[in-house]
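Coordinate inspection notes
Residues per chain, in single letters:
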Amino acid sequence: EALPVFDDKAIELCARKVAAVSGDVRKALQICRRACDLAREDKSEKVTLKHIELSVKQLFSNPYVAAIQGASVVQRIIVCSAAQSVKELGDGNVMKEELLANSAELCRGLGIPEPNYSQLSSSCSRLCDMGLLRLQVSEGIPRTDKIGVHVQTDDICFALKNDALLSRVAVAISS
């Protein structure tokens, strides 16, 4: 006989929250594990809605999510473009020039004014300073700097799920 450790409504809430963001079962397991810890701290015999809600808040309310949500439109576009490019390449990094070109193309596709190279480059540098992207500087000539994404795809999707402009792009990255 199985022990009913989770309230049925708590499991359903966890499933709905994860499905709304990414559908990644690993994230659901993280939420459940954290909710179990919270239930133990409360000396509760069951994981309830309250534990799941607090777990979701703690796991999805991280500095990366806040940084993405507070970034400019161009910076959010660059993050999406970087995540998509890295996913497509499977390498973990994308050439900086290619990333900037893809970001400009995404701007055109979204119908917003295309930033110039200098704006894209400075936005990319700012994202590296914020810790959302990482820069690998090349020593060779010509320089072939590479950019990697330093934030999980789930966090990008969660940060942009209510973004009128980029929510569909974020969903495409996670699928």
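Figured I'd write up the structure that's included with this text. A quick note: this is a predicted structure, and the numbers were derived from the prediction, not measured.

Regarding the environment of Asn-102
Within the secondary structure, Asn-102 is located in helix α6 (residues 96-110). Classification of Asn-102 as partly exposed rests on a relative accessible area of 26%. As for Asn-102 and Gln-84, which are separated by 18 residues in sequence, their C-alpha atoms are 9.5 Å apart. Here Asn-102 is in contact with Ser-81 and Ser-85, once residues within four sequence places are set aside.

Focus on the nonpolar core
Counting 46 residues, the largest nonpolar core has Ile-52, Leu-133, Val-149 and Ile-156 as its most contacted members. Residue contributions to this core peak at seven residues, all from helix α5 (residues 73-89). Setting aside its immediate chain neighbours within four residues, Ile-156 contacts Ile-68, Val-79, Ala-83, Val-149 and Val-151.

Notes on the sheet that holds strand β2 (residues 133-136)
Taking strand neighbours across the sheet as the criterion, the three strands line up as β1-β3-β2 in an open arrangement whose pairing is antiparallel. What marks the edges here is a single partner per strand, and that holds for β1 (93-95) and β2. With strand direction ignored, the average angle separating the axes of adjacent strands in the sheet is 30°. Of the strand pairs in this sheet, β1 and strand β3 (residues 146-149) are connected by three bridges, and their pairing is antiparallel. Looking at β3, one finds that Met-95 is bridged to Lys-146.

Some remarks on the packing of α5 against helix α9 (residues 167-174)
It is at 10 Å that the axes of α5 and α9 come closest, and there the two elements cross at 20°. The angle between the axes of α5 and α9 places the two elements in the roughly parallel class. As α5 runs across α9, the sense of the crossing is left-handed. The segment α5 lies against α9, with Cys-80, Ala-83, Gln-84 and Lys-87 engaging Val-169, Ala-172, Ile-173 and Ser-174.

Here we look at α6
Taking 1.5 Å of rise per residue, the 15 residues of α6 would be expected to cover 21 Å, and the 21 Å separating its terminal C-alpha atoms lies within 8% of that figure. Residues of α6 that are buried: Lys-96, Leu-99, Leu-100, Ser-103, Ala-104 and Cys-107. Relative to the axis of α6, the buried residues are bounded by an arc of 135° and lie together on one face. The first or second residue beyond α6 is Gly-111, which carries a positive phi of 75°.

Cut-off values and rules
- Starting afresh in each chain, residues are numbered from 1 along the sequence in its written order.
- In view of the model being predicted, local features appear only for residues whose pLDDT reaches at least 70, and side-chain atom pairs are presented and counted only at 80 or more, with totals across whole chains, interfaces and linings using the full set of residues.
- Side-chain numbers here rest on the full set of heavy atoms in the structure, without hydrogens or water.
- A helix here means a DSSP run of H or I that spans at least four residues, while a strand means a run of E at least two residues long, and both kinds are numbered starting from the N terminus.
- Classification of residues uses two cut-offs on accessible area relative to the type maximum, computed with a 1.4 Å probe and protein chains only: under 20% is buried, over 50% is exposed, and between them is partly exposed.
- Note on contacts: a residue pair is in contact if any heavy atoms of the two residues lie within 4.5 Å.
- Here, the term nonpolar core denotes a set of buried Ala, Val, Leu, Ile, Met, Phe, Trp, Tyr and Cys residues that are joined through side-chain atoms within 4.5 Å.
- One requirement defines pairing of two strands: DSSP has to find at least two bridges between them.
- The axes used here are C-alpha line fits, helices contributing only the stretch in contact, and every angle between their N-to-C directions lies in the interval 0 to 180 degrees.
- Roughly parallel here means an angle under 35 degrees, roughly antiparallel means over 145, roughly perpendicular means 65 to 115, and every remaining angle is called oblique.
- Crossing handedness is read from the near helix: turned anticlockwise from the far helix by less than a right angle, it gives a left-handed crossing, and turned clockwise, a right-handed one.
- To estimate how far a helix should reach, multiply one less than its number of residues by 1.5 Å.
- In this description, one arc is meant: the one made by directions from the helix axis to the C-beta atoms.

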